[in-house]
Amino acid sequence: MYATIDDARVAPSLSGVPETMLLTTWTRSAYSSGPDNLLHDPLLNELVRQIDYDFRGRFGAPSPVHAIRSRYADERIRTFLTQHPDGTVVVLGEGLETQFWRVNEARVPWYSVDLPESIAIRRRLLPADPQNRLVECSALDTAWLDQIATESSGPVFVSTAGLLMYFTEDQVVTLLRNITERLPRGEVFFDTIPPWFSRKTLRGWHLSRQYTAPPMPFGLALADLPELIERVPRLEVVAAPNYSQPYPRYMRLFNLLSRIPYVHNHIAPGLIHCRFGA
Ligand SMILES: C[S@@+](CC[C@H](N)C(=O)[O-])C[C@H]1O[C@@H](n2cnc3c(N)ncnc32)[C@H](O)[C@@H]1O
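Residues numbered from 1 in each chain as written. Predicted model: local features only at pLDDT ≥ 70, side-chain atom pairs only at ≥ 80, totals over all residues. Heavy atoms only, no water.

Identification of the chain as O-methyltransferase OMT from Pseudomonas matsuisoli is taken from an unreviewed UniProt entry.

Structure follows, in structure tokens:
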């Protein structure tokens, strides 16, 4: 059964990184209807209809990358929940992601950690569910970890999509270290952009005449992932495909190009699945 939302249209007044949730929500919805699509998510499509915002004017044509990222994370979290019915899911920078309704049939505790203005719009636009606990807190603050460490006992899946690139590398390493130090065992999912793309955003990446994406200081080539992971005790990589690998038909050309090792290792964005304390 899918939840529904009420019908008053809402004009969000977001800016900076919080506004980017409108980009990812909208592009995901472009790949979430019809039998042949990456996601099956009627709630997402309804959500986008509720938002009064010039998505195409601001962001241009939608690409499949955000739906690919969500589908990949969905599959990892579904498997985790099957293996750990006593588990907990934490999503950092969850924005308006509707993954809770796509994958959490078992209704395990699910914490959405985001900045206050982002939690406010999530609260306003998405259905309330006692198992979807909304935590107003920066991912860089350890208060959310204190809460999870106190309230959970089984393994924890920490997922973060479209967030770490807005931090610095040292902030990312500290965040990952805090997770593996404070929680006994679990899994982590995050995505990476390559350094060339990070540099492009630092110069100003114009998606349209109306919209320039916020700077993304943290870029990581897949070739440099082992060096990053080495800085985080107990963390090990389970899989690290580039974006085109899990569902090649949605990125055919890039999938062909990324068979060239240099392209995969230095040019491609990545989907990183890790575990700790296994
Ligand atoms: C690109 S959006 C991604 C949203 C969602 N993960 C998705 O894929 O649709 C970035 C999200 O990170 C959140 N964010 C930005 N800085 C944050 C921080 N320091 N701590 C937690 N969340 C943050 C924003 O509010 C926004 O919801």
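Draft legend 1. The overall build of the chain, seen in detail. Looking only at helices and strands, one finds twelve helices and nine strands in the chain. Over its C-alpha atoms the chain spans a radius of gyration of 18 Å, differing by no more than 12% from the 19 Å that the globule rule assigns to 278 residues. Projected onto the principal axes, the alpha-carbon positions of the chain cover approximately 50 × 45 × 35 Å. Within the chain, the proportion of its 278 residues that are buried is 55%. Considering only contacts in the chain between residues 6 or more positions apart, those separated by 24 or more positions represent 72%. Accessible surface, the chain: about 12500 Å² in total, of which carbon and sulfur atoms supply 52%. Here the chain carries 28 positive and 30 negative side-chain charges, and the mean point of each set is 6 Å from the other. (Helix = DSSP H or I, 4+ residues; strand = E, 2+ residues; numbered from the N terminus. Rg over C-alpha atoms; globule rule 2.2 N^0.38 Å. Buried < 20%, exposed > 50% of the residue type's maximum accessible area, 1.4 Å probe, protein only. Contact = heavy atoms within 4.5 Å. Areas by Shrake-Rupley, 256 points an atom, 1.4 Å probe, with all protein chains shown as cover. Lys, Arg positive; Asp, Glu negative; His and termini not counted. Charge placed at Lys NZ, Arg CZ, Asp CG, Glu CD.)

Draft legend 2. Inspection of helix H8 (residues 169–182) at higher detail. Here H8 spans 20 Å end to end across 14 residues, near enough to the 20 Å set by a 1.5 Å rise per residue. All of the buried residues along H8 are Val172, Val173, Leu175, Leu176, Asn178, Ile179 and Thr180. (Expected span 1.5 Å × (residues − 1).)

Draft legend 3. View of a nonpolar patch on the surface. On the surface, Leu253, Leu257, Ile260 and Tyr262 cluster together to form a nonpolar patch covering roughly 430 Å² of accessible area. With respect to the secondary-structure elements, Tyr262 resides in helix H12 (residues 261–267). (Patch = residues over 30% accessible without salt bridge, like charges linked within 9 Å, V, L, I, M, F, W, Y side chains within 5 Å. Salt bridge = Lys/Arg side-chain N within 4 Å of Asp/Glu carboxyl O.)

Draft legend 4. How the structure looks around the site of the ligand. Around the ligand, a shell composed of 19 residues is seen, among which Thr24, Gly93, Asp114, Ser118 and Ala139 lie nearest. Here an oxygen atom of the ligand sits 3.2 Å away from a polar atom, N or O, in the side chain of Arg69. One of the backbone N or O atoms of Gly95 is found 3.4 Å from an oxygen atom in the ligand. Here the ligand, which alone exposes 580 Å², has 95% of that area covered by the protein. The class makeup of the residues in the shell around the ligand is eight nonpolar, seven polar and four charged. (Near = heavy atom within 4 Å. Polar contact = N/O pair within 3.5 Å; in protein donor to acceptor, adjacent residues only side chain to side chain. Nonpolar A, V, L, I, M, F, W, Y, C, P; charged D, E, K, R; others polar.)

Draft legend 5. How the structure looks around the pattern of salt bridges. The tally for this structure, following the rule as stated, stands at 16 salt bridges. Across the salt bridge formed by Glu19 and Arg58, the nearest N and O atoms sit 2.8 Å from each other. Of this pair, Glu19 sits in helix H1 (residues 16–30) while Arg58 sits in helix H3 (residues 55–59), placing them 39 residues apart in sequence. With a closest N to O distance of 3.0 Å, Glu97 and Arg102 form a salt bridge. Looking at Glu97, the relative accessible area reads 8%, which means it is buried. Taken together, the salt bridges that share partners define one network made up of Arg28, Asp41, Asp74, Glu97 and Arg102.

Draft legend 6. Layout of the packing of aromatic side chains. On inspection of all chains with the given rule, the structure shows eleven aromatic pairs. On the basis of an interplanar angle of 75 degrees and a centroid distance of 5.4 Å, the ring pair of Phe80 and Phe157 is categorised as edge-to-face. With Phe80 in helix H4 (residues 65–83) and Phe157 in strand E4 (residues 156–160), the pair connects residues that are 77 residues apart, well separated along the chain. The class for Phe157 is buried, based on a relative accessible area of 0%. Measuring from ring centre to ring centre gives 4.8 Å for Phe197 and Trp205, while their planes differ by 75 degrees; the resulting arrangement is edge-to-face. (Phe/Tyr/Trp six-rings, centres within 6.5 Å; stacked < 30°, edge-to-face > 60°.)

Draft legend 7. Region of interest: helix H9 (residues 195–203). What H9 keeps buried is the set Phe197, Ser198 and Thr201. The arc that holds every buried residue of H9, seen down its axis, measures 105 degrees, which confines them to one face. Projecting away from the buried face of H9 at angles above 90 degrees are the exposed residues Leu202 and Arg203. Elements that come into contact with the buried residues of H9 comprise strand E6 (205–206). Once H9 ends, the next one or two residues include Gly204, with phi positive near 110 degrees. (Arc of directions from axis to C-beta.)

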